[in-house]
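Per-entry structural report
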Amino acid sequence: EYDFDRPYEPLLGALSLGQLQCLVLVAEGLTSKEIALALRIRSHTVDERLKRCLKVLGVPSRREAGRIIATSHNWETYQQLVYQSPGLANVPHAP
């Protein structure tokens, strides 16, 4: 069943983990260089990931793509993808 309140949800599911990580940081206002430093990748890689995100989501700007991820009902899940270290994956979070 189609969810009219979250039309981008199926498209977000088509993005890779790296693309989602970049989008979360875009939503938080980081530049490509800042994202590259945070994820320990090249800024060119960030730009390529974001270019693919724009294409998949069908939006013209990274700002719009960031808005989509920020308003997603899974925002907390996406934040964990970026901020949670792999060793903490099974540690319960405080409410």
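Summary of the structure given here. (Residues numbered from 1 in each chain as written. Predicted model: local features only at pLDDT ≥ 70, side-chain atom pairs only at ≥ 80, totals over all residues. Heavy atoms only, no water.)

1. Focus on the packing of helix H2 (residues 17-27) against helix H4 (residues 43-57)
Where H2 meets H4, the axes come as close as 9 Å, and the angle between the chain directions of the two elements is 90°. Accordingly, the angle class assigned to the pair H2 and H4 is roughly perpendicular. Between H2, through Gly 18, Gln 19, Gln 21, Cys 22, Leu 23 and Val 26, and H4, the contact on the second element is made entirely by Val 46, Arg 49, Leu 50, Arg 52, Cys 53 and Leu 57. Residues that form the contact of H2 with H4 fall into these classes: 7 nonpolar, 3 polar and 2 charged. (Axes fitted to C-alpha atoms, helices over the stretch in contact; angles between N-to-C directions. Helix = DSSP H or I, 4+ residues; strand = E, 2+ residues; numbered from the N terminus. Parallel < 35°, antiparallel > 145°, perpendicular 65-115°, else oblique. Contact = heavy atoms within 4.5 Å. Nonpolar A, V, L, I, M, F, W, Y, C, P; charged D, E, K, R; others polar.)

2. Topic: the side chain of Ser 32
You can see Ser 32 is positioned in helix H3 (residues 32-39). A polar contact of 2.8 Å, which involves the side chain of Ser 32, links it to the side chain of Arg 62. With residues near it in sequence (within four places) discarded, Ser 32 still touches Ser 43, Val 46, Asp 47, Leu 50 and Arg 62. (Polar contact = N/O pair within 3.5 Å; in protein donor to acceptor, adjacent residues only side chain to side chain.)

3. Comments concerning the pattern of salt bridges
Applying the stated criterion across every chain, the model contains 2 salt bridges. For Lys 51, the salt bridge goes to Glu 48, with nearest N and O atoms at 3.2 Å. One end of the pair is Lys 51 and the other is Glu 48, both in helix H4 and 3 residues apart, which spans about a single turn. A salt bridge links Glu 64 to Arg 67, with the shortest nitrogen-to-oxygen separation between them at 2.7 Å. Of the two residues, Glu 64 and Arg 67 both sit in helix H5 (residues 62-70), 3 residues apart, roughly one turn of that helix. A relative accessible area of 41% places Arg 67 in the partly exposed class. (Salt bridge = Lys/Arg side-chain N within 4 Å of Asp/Glu carboxyl O. Buried < 20%, exposed > 50% of the residue type's maximum accessible area, 1.4 Å probe, protein only.)

4. Quick notes on the nonpolar core
Leu 15, Leu 23, Ile 35 and Leu 57 are the most contacted members of the largest nonpolar core, which has 20 residues in total. When residues of this core are traced back to their parent elements, those giving at least two are H2, H3, H4 and H5. Residue contacts for Leu 15: discarding those within four places in its chain leaves Leu 20, Leu 23, Cys 53 and Val 56. (Core = buried A, V, L, I, M, F, W, Y, C linked by side-chain atoms within 4.5 Å.)

5. Side note on the state of the cysteines
Scanning the model with the defined rule gives 0 disulfides in all. A disulfide-free cysteine, Cys 22 has its sulfur positioned 6.9 Å from the sulfur of Cys 53, the nearest such atom. Residue Cys 22 is classed as buried on the basis of its relative accessible area of 0%. (Disulfide = S-S within 2.5 Å.)

6. Details of H4
Taking 1.5 Å of rise per residue, 15 residues should cover 21 Å, and H4 covers 21 Å from first to last C-alpha, within 8% of that figure. Following H4 by one or two positions, Gly 58 adopts a phi angle in the positive range, close to 70°. (Expected span 1.5 Å × (residues − 1).)

7. Section: H5
Each α-helix turn comprises 3.6 residues. Residues three or four places apart therefore point the same way. Ala 65, Gly 66, Ile 68 and Ile 69 are the residues of H5 that are buried. For H5, the angular spread of the buried residues around the axis is 155°, confining them to a single face. (Arc of directions from axis to C-beta.)

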